[in-house]
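Chains, contacts and geometry: an overview
Each chain, letter by letter, is given below.
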Amino acid sequence: MPSELRFVLILTGIATLAGAASVFGIYRQDAAQARTQAEAMTGGHVDAGKAAMARTNCGACHRIPGIAGATGTTGPALNGIAVRAEIAGVLVNNPGNMVRWLRQPQQVVPGNGMPNQGLTEQEARDMAAYLYTVKK
Ligand code: HEC
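Since the structure is predicted, the reported quantities are computational estimates derived from the model, not experimental observations.

1. Looking at the coordination of the iron atom of the ligand
Coordination of the iron atom of the ligand by the protein is provided by H62 (NE2) and M114 (SD), with metal-donor distances spanning 2.0 to 2.2 Å. Coordination geometry of the iron atom of the ligand: the six donor atoms subtend angles of 86 to 178° at the metal centre, consistent with an arrangement described as octahedral. Residue H62 is found in the loop between helix 2 (46-56) and strand 1 (86-87), and its partner M114 is found in the loop between helix 4 (105-108) and helix 5 (121-131); the two are separated by 52 residues along the sequence. Here H62 and M114 have matching classes, each one buried.

2. Comments concerning the site of the ligand
In the vicinity of the ligand there are 22 residues, among which C58, C61, H62, R84 and M114 approach most closely. One nitrogen or oxygen atom from the side chain of H62 is found 2.8 Å from a nitrogen atom belonging to the ligand. Broken down by secondary-structure element, the contributors of at least two residues to the shell around the ligand are helix 2, strand 1 and helix 3 (95-103). Counting residues per element, the shell around the ligand draws most heavily on helix 3, at three residues. Within the shell around the ligand, the residues separate by chemical class into 13 nonpolar, seven polar and two charged.

What counts, and at which threshold
Residues numbered from 1 in each chain as written. Predicted model: local features only at pLDDT ≥ 70, side-chain atom pairs only at ≥ 80, totals over all residues. Heavy atoms only, no water. Donors = N, O, S within 2.8 Å, 3.2 Å for Na, K, Ca; no water. Tetrahedral: all angles 85-135°; square planar, octahedral: opposite > 155°, others 65-115°. Helix = DSSP H or I, 4+ residues; strand = E, 2+ residues; numbered from the N terminus. Buried < 20%, exposed > 50% of the residue type's maximum accessible area, 1.4 Å probe, protein only. Near = heavy atom within 4 Å. Polar contact = N/O pair within 3.5 Å; in protein donor to acceptor, adjacent residues only side chain to side chain. Nonpolar A, V, L, I, M, F, W, Y, C, P; charged D, E, K, R; others polar.

Structure (structure tokens):
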């Protein structure tokens, strides 16, 4: 192989690696920013919300990105819940309404398939924080 060609190939390789690294860096930065924003909006903690959702088994009824074993199909999949306009088709999607829904879905839509689960205000805020990181 001519040495010029080898040089070009090496440069292309370096550029590709640098590009991949910067995309990964941006991705990580976005994830960190999404988390900070979700926690500020809700007064909850993303990791605590994730743990509380696993503990209360929301995944028995919902597909929830990032929650192991959350593959239920009784309720709607929660993909992109952070960026949807409405909650359960009846509430504007904002943190206060999300907490209200999570704590008392039966008061919001009587008779719907999601039971009140006796969540504390903080548990609901933590879960809401997690849900507001679920943008896809
Ligand atoms: C027994 C099944 C069941 C369980 C357990 C359950 N849900 Fe639901 N959930 C539903 C159903 C059914 C709906 C749809 C209600 C409606 O649209 O009227 C729903 C709706 C929702 C919505 C609104 C979704 C949308 O598309 O607007 C969110 C958010 C939600 N659930 C989160 C949770 C979380 C978090 C937990 C755990 C604390 C949980 N759910 C536990 C059945 C369940």
